[in-house]
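Analysis of the macromolecular model
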Amino acid sequence: MPEPSPASTSHLFAAVAQRVLFTAALFTSIAGCTMAKASLSKDDFSRQVTSLLAGKDAVVVPASALTEFAWDALCFERDDTLQLRFRSGDSEQVLSLPYEEFFVDEGHVENSLEDACVAPGDRIRVRKKYPGYQGPIEFQKADKDD
């Protein structure tokens, strides 16, 4: 069997290296697509809040319990709708919720979360505006005692 020439050997190594790089790039691209960003819909969020309340009028939970994905900060903003801004690293995901279903009180009201940001471990109060009814759900800062 003849000895392979240095040129054919280097060509073979270059072809193998190219395939390895292509496979790695493809895997990274596919993995990035599936894990790039968790999405959250109003319906998903509503189901999660209903699950947290579990038939009660109010609960105090870590803020991270509001979602099934990780984030660094959650900011509450009052606009035409309640804006929940989930920040993670350099990215931000905004969920707009109708006031008929979810709200935070104006900033001057005690325990209001208007224009406030919380960390995942911060405890918040999730409560029905009208105990015993389906009405809108309010988010508040939890008291130190909670």
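This text follows the structure it describes.
In short, a report on the structure. (Residues numbered from 1 in each chain as written. Predicted model: local features only at pLDDT ≥ 70, side-chain atom pairs only at ≥ 80, totals over all residues. Heavy atoms only, no water.)

Some details on the sheet that holds strand 6 (residues 116-118)
Sheets are built from strands paired through backbone hydrogen bonds, the pairs being either parallel or antiparallel. The sheet built from four strands is open, its strands ordered 4-3-2-6 with antiparallel pairing. Strands with a single pairing partner mark the edges of an open sheet, and in this sheet they are strand 4 (91-97) and strand 6. Adjacent strand axes in the sheet meet at a mean angle of 20°, parallel and antiparallel pairs treated alike. Sheet topology places strand 2 (residues 73-78) next to strand 3 (residues 82-88); six bridges connect them, and they run antiparallel. Bridging from a neighbouring strand, Leu74 pairs with Phe86 of strand 3. (Pairing = 2+ DSSP bridges. Helix = DSSP H or I, 4+ residues; strand = E, 2+ residues; numbered from the N terminus. Axes fitted to C-alpha atoms, helices over the stretch in contact; angles between N-to-C directions.)

Comments concerning the state of the cysteines
Summed over the entire model, instances satisfying the criterion amount to one disulfide. One disulfide bridge connects Cys75 with Cys117, the sulfur atoms lying 1.9 Å from each other. Taking the sign of the S-S torsion, 105° for the link of Cys75 and Cys117, the bridge is right-handed. Separated by 42 residues along the polypeptide, Cys75 in strand 2 and Cys117 in strand 6 bring together distant segments of the chain. (Disulfide = S-S within 2.5 Å.)

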